[in-house]
Amino acid sequence: MARRVALTGGCGWIGGWIVRDLVAHGWTVTVIDRDRPVPHATPRGLMPAVPGVRYRIGNHENLGDLVEVFAGCEAAIHLAAIASPGTFPDTTVFTTNVVGNFNACEAAAVLGLKSLAMASSINTLGQGYRTHLHLPDFVPVDETHANRPQDPYGLSKLLGELTAEQIHRRTAGKLRVTSIRPSYVARPWDYPNLEAQFRANPLSGDRALFSYTDPRDLATLFRLAIESENPEAACTELYAVQDDSWGIEPTRDLIARAYPGTENIPGMATIGATQSGITNARAKHLLGWTAARSWRNLADHMADPSKV
């Protein structure tokens, strides 16, 4: 029997990659989104509808919508959210994301799903949308690092992780939950231009601690999260970043310039020259994930799908 998964926000930038990966690996997918899939790939990277996928218009702030779409599935992936502060009023960003996270957890628990993967963010750390500079405690940052969000988006993602933890407890561990923290999700067709970009602006990746995420590897991680049966990964948070840095200068030099006062923090003396400032070691250990791609590798470059 085909495995069934529901995906909120599956018509978005990240969702399109995940839908394709799931279908390619034998999952039967239902997408719920406020929008319909685009008819053609767009310059922003949105992908068209995938044959065989069921698309439903709905609202993750409505618990009934999620219960209907999750019914009959063994797993769900919750992506739907306002993706950053600043476009909507802060109360709208916070309320939309927190209610959506709660509803996804509640629907999964009520229906007895086996696993739920939720999109969190590296912005739980508090660097990305900070109002004032604060320094990392050590590098590379891992999931044990303190979270210090200063904005409604980062706070909503941190509360989503706490919501996932409580639903895991409430179901006595029967619902597996994984909160995945992507960094800047790059467009692989932009990779050929990055060296020139970094020469012009070496610190362009400072708010992500010079990390980034390839959407193809990210899609794989979401799938592995709902497929895993590793008891160590039954309730966890995972950074989804590539192995290498978003920059061309040595990582320790970039961090020291972007965060004055970090020159002697733990890890600075030994961090690799092109190592990301955030580590993906937990995702590798718990799920066997591989961050296979790099903007540095010509084989990982793609043509812009909107121009193909």
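From a predicted model like this one, the values you see are computed outputs, not experimental measurements. (Residues numbered from 1 in each chain as written. Predicted model: local features only at pLDDT ≥ 70, side-chain atom pairs only at ≥ 80, totals over all residues. Heavy atoms only, no water.)

*Asks:* Is there a simple way to think about the pattern of salt bridges in this case?
*Replies:* Two side chains that carry opposite charge are able to pair once their charged atoms sit near each other. Counted under the stated rule, the structure contains 16 salt bridges. Between D206 and R130 there is a salt bridge, with the nearest N and O atoms lying 3.6 Å from each other. Of the two residues, D206 is situated in the loop between α5 (194-200) and α6 (215-227) and R130 in the loop between β5 (115-119) and α4 (152-170); the sequence distance between them amounts to 76 residues. Taking the relative accessible area as the measure of exposure, D206 reaches 17% and is therefore buried. Under the relative-accessibility criterion, R130 is labelled buried at 13%. The salt bridge partner of R181 is E161, with a shortest N-O separation of 2.7 Å. (Salt bridge = Lys/Arg side-chain N within 4 Å of Asp/Glu carboxyl O. Helix = DSSP H or I, 4+ residues; strand = E, 2+ residues; numbered from the N terminus. Buried < 20%, exposed > 50% of the residue type's maximum accessible area, 1.4 Å probe, protein only.)

*Asks:* Could you clarify how one ought to interpret the sheet that holds strand β2 (residues 27-33) in this entry?
*Replies:* To summarise the sheet geometry, strands pair through backbone hydrogen bonds and adopt either a parallel or an antiparallel arrangement. Pairing is parallel across the open sheet formed by seven strands, whose spatial order is β3-β2-β1-β4-β5-β6-β7. Only two strands of the sheet have a single neighbouring strand rather than two, namely β3 (54-57) and β7 (235-240). Neighbour-to-neighbour, the strand axes of this sheet turn through a mean angle of 20°, independent of strand direction. As defined by bridge partners, strand β4 (residues 75-78) adjoins β5 across four bridges and the pair is classed as parallel. For H78, the partnering residue across the bridge sits in β5 and is M118. The sheet strands contacting helix α3 (residues 90-110) are β4 and β5, and the helix crosses β5 at an angle near 170°. Here α4 sits on the sheet and contacts β5, β6 (176-182) and β7; the angle it forms with β6, its principal contact strand, is near 165°. (Pairing = 2+ DSSP bridges. Axes fitted to C-alpha atoms, helices over the stretch in contact; angles between N-to-C directions. Contact = heavy atoms within 4.5 Å.)

*Asks:* What's the story with the packing of helix α1 (residues 13-24) against α6 in this structure? I'm lost.
*Replies:* Two quantities define a packed helix pair, namely the angle between the helix axes and the distance between the axes. With their axes 8 Å apart at the nearest point, α1 and α6 run at an angle of 60° to one another. Put simply, α1 runs oblique to α6. The crossing of α1 and α6 is right-handed. In this structure, α1 contributes W13, I14, W17, I18, D21 and L22 to the contact, and α6 contributes P215, R216, L218, A219, T220, F222, R223 and I226. For the contact of α1 with α6, the residue count by class is ten nonpolar, one polar and three charged. (Parallel < 35°, antiparallel > 145°, perpendicular 65-115°, else oblique. Left-handed = near helix turned anticlockwise from the far one by under 90°. Nonpolar A, V, L, I, M, F, W, Y, C, P; charged D, E, K, R; others polar.)

*Asks:* Can you help me understand the side chain of T171 in this one?
*Replies:* Tracing the backbone shows T171 in the loop between α4 and β6. In this structure the side chain of T171 is engaged in a polar contact, spanning 3.2 Å, whose partner is the backbone oxygen of H168. (Polar contact = N/O pair within 3.5 Å; in protein donor to acceptor, adjacent residues only side chain to side chain.)

*Asks:* Is there a simple way to think about the nonpolar core in this case?
*Replies:* One recurring pattern in soluble globular proteins is that nonpolar side chains are buried together. By size, the foremost hydrophobic cluster in this structure holds 40 residues, and its most contacted members are I77 and F222. Counting only elements with at least two residues in this core, the list comes to β1 (3-8), α1, β2, β4, β5, α6, β7 and α8 (281-287). Tallying contributions element by element places α6 first for this core, with seven residues. When residues no more than four places from it in sequence are discounted, the contact partners of F222 are I18, I77, L79, A117, M118, A119 and I180. Judged by nonpolar contacts, the second largest core, of 19 residues, contains A6, V69, L116 and V177. (Core = buried A, V, L, I, M, F, W, Y, C linked by side-chain atoms within 4.5 Å.)

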